[in-house]
Each structure stands twice: as structure tokens, then as C-alpha cells.
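Structural description and commentary
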Amino acid sequence: MNVGIVGLGLIGGSLALDLRSRGHRILGVSRRPQTCQEAVTRQIVDEADVEMTLMANAEVVFICTPIAAIACTVERLVPHLNPTAIITDVGSVKMPVVEAVTPLWSNFVPAHPMAGTAESGLDAAVPDLFVGRSYVITPTEDTPAAAVETVTELARSLGSQVYQCSPEDHDCAVAWISHLPVFVSASLISACLKEPMPNRLKLAQQLASSGFRDTSRVGGGNPELGVMMAQYNRGEVLRSLYAYREQLNQFIEAVEAEDWNALTKALEQTQHHRPFFVGTPDSLEHSP
């Protein structure tokens, strides 16, 4: 199959590596000629160019740009595509993408591979990035079933755990388990920096170990990604933040009142329920 990838960064480059290793011919488009040349030299793609004309023979095209650029990228892509070509994306928020792209191309399959690292760019691309990771397909009632099946099979070939849900359900779910943690984690770092005694702040920094490292990791990531989550999934992010603030207030009230029984019950409940989030998710059904 001729597979097009627009955006040769971490996700696009990793997709190219894995799909090419599985026998597909990979056509890559990047804004920078140097990236195109490097992708071909390193055999990440078979061909690469800065022009969308390269996508004329693509059967499936993955849009691997930031969310803000997806719609305008599709607009530039559409005039060069075969009418039967399938477009899919890798955006971490789905409703704004669906609303913007569906009118431009009916054979569009919105999707979100939930994989990544702290690095970015083509140099960060690695093989097997998607193995064992969730790959969420979010079709609407109007998405062609054949196109959904094609993208599903490609995702499965990457070794991903494929799930299917509505765009609305996706955005709600990722607000809880992906977007909210960024702001919780960032708040932890900011709160620590409020320590007024420099020697105590320095000591805290020196003593910080695995617990702080694990809890603060996503809050210390790329600021652009955090802003993007809040901007494009604003309603769901706010809803999750309000719920988190309410829960945090309950902990504060229990400590203030020295209600250790209430605090014990709350922590026992979180201890019991954590495995349901870090084990095999049951909230989404596997795609058929």
C-alpha cells in the first residue's frame, strides 16, 4: 500500500518506520527540505518532498501535524489526492478536528494513537513506538465503514491496542487521564516553588526522588502541548479541573478537621480503584 505521512516528527517518523518495515511504500511530506532529505537517507521513507503533489498516489494519508495545523494541511492536500484516498490524523483532541476536516474530505477517519516521548522531531522517531499502546479510532455516523476498517487494520499491524468510540467520548476520557494530569502535575511543581525559604526549597529539590519524579513528569513537558490541550478541549479540561479542585478541597477539609477516618476511607478508595486505570481499560470497547 502507498501510505502518505504529512509531518515527519516523532509520531510521523515513527509511523513511517513501522509501516515501511511492514512492506508499505511510504511517501513523506515535511515543511523543511533538510528533514525530507534526512528521512530518505535514513530510509525512514521511500520518497519525501515539501510539496503535497507527492501524495497523488497515496491510498492512505496520515496527518501528523499539531492540531492547529490539521485543517489547513488537509485543505492543501485535498487537490492532489485520488478521490478514493483515506485521510486520517493523530490529533489528541477529536471534536474540533472532526468538525473542521469532515466537510473537506468525506473519506476521513479521525484517530488518536496514544504514544509518545518527551522528545520531538524526526530524530526522536523510533521503531515499535505504538506496540502495546492504545490507538483510538473515533468515527462519526457518516464515516465510511471501509475506511474505518482500513485504518483499524493499519493500527493493529503496529501492535497497538485498538479502541473505537465517538469523538465526544474520546475528548471526555482523555481530559481525565491525559489532559488533567498535565495541569495537576504542573500545579505540583508550581506549589513547590512557593516555598519562601531558599534553603528549604533547595533541600526539597535535592531530596526529590521517584515519587516526585513520577508525579511531576508530565507537568514538566512541552508547554505548547499543555496550551493546545486546554485550547482545543477547553470544555472537558475545565470540567475535569473543577472536579479535581472539589476533590482536593475534600482532602483539605479532612486534614483541617483532623478527620483521619474520612481521610483513610478516601485513600483506601483510591488505592482500590487505581488498578482500573493503569491495567487494561474497560471504559472503551475494542473495535470489532
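Residues numbered from 1 in each chain as written. Predicted model: local features only at pLDDT ≥ 70, side-chain atom pairs only at ≥ 80, totals over all residues. Heavy atoms only, no water.

The protein chain appears in an unreviewed UniProt entry as Prephenate dehydrogenase from Oscillatoria acuminata PCC 6304.

Among the secondary structure elements, Ser14 is positioned in helix α1 (residues 10-21). The class for Ser14 is buried, based on a relative accessible area of 0%. One polar contact links the side chain of Ser14 to the main-chain amide nitrogen of Val126, over a distance of 3.1 Å. (Helix = DSSP H or I, 4+ residues; strand = E, 2+ residues; numbered from the N terminus. Buried < 20%, exposed > 50% of the residue type's maximum accessible area, 1.4 Å probe, protein only. Polar contact = N/O pair within 3.5 Å; in protein donor to acceptor, adjacent residues only side chain to side chain.)

Per the stated rule, a full pass over the model turns up seven salt bridges. Where Arg20 meets Asp46, a salt bridge forms, and the shortest distance between an N and an O atom there is 3.1 Å. With Arg20 in helix α1 and Asp46 in the loop between α2 (33-41) and β3 (47-49), this residue pair connects regions lying 26 residues apart in the sequence. One salt bridge in this structure joins Glu153 and Arg156, with 2.8 Å as the shortest N-O distance. Of this pair, Glu153 and Arg156 are both found in helix α5 (residues 145-157), three residues apart, which corresponds to roughly one turn of the helix. (Salt bridge = Lys/Arg side-chain N within 4 Å of Asp/Glu carboxyl O.)

The next point concerns the sheet that holds strand β9 (residues 161-164). With respect to topology, three strands assemble into an open sheet ordered β7-β8-β9, the strand pairing being mixed. The strands lining the two open edges of the sheet, one partner per strand, are β7 (111-113) and β9. The average angle at which neighbouring strand axes cross in this sheet is 15°, direction not considered. Summarising the sheet, β7 and strand β8 (residues 134-137) pair through three bridges and their orientation is antiparallel. Along β8, the bridge assignment pairs Ala111 with Ile137. (Pairing = 2+ DSSP bridges. Axes fitted to C-alpha atoms, helices over the stretch in contact; angles between N-to-C directions.)

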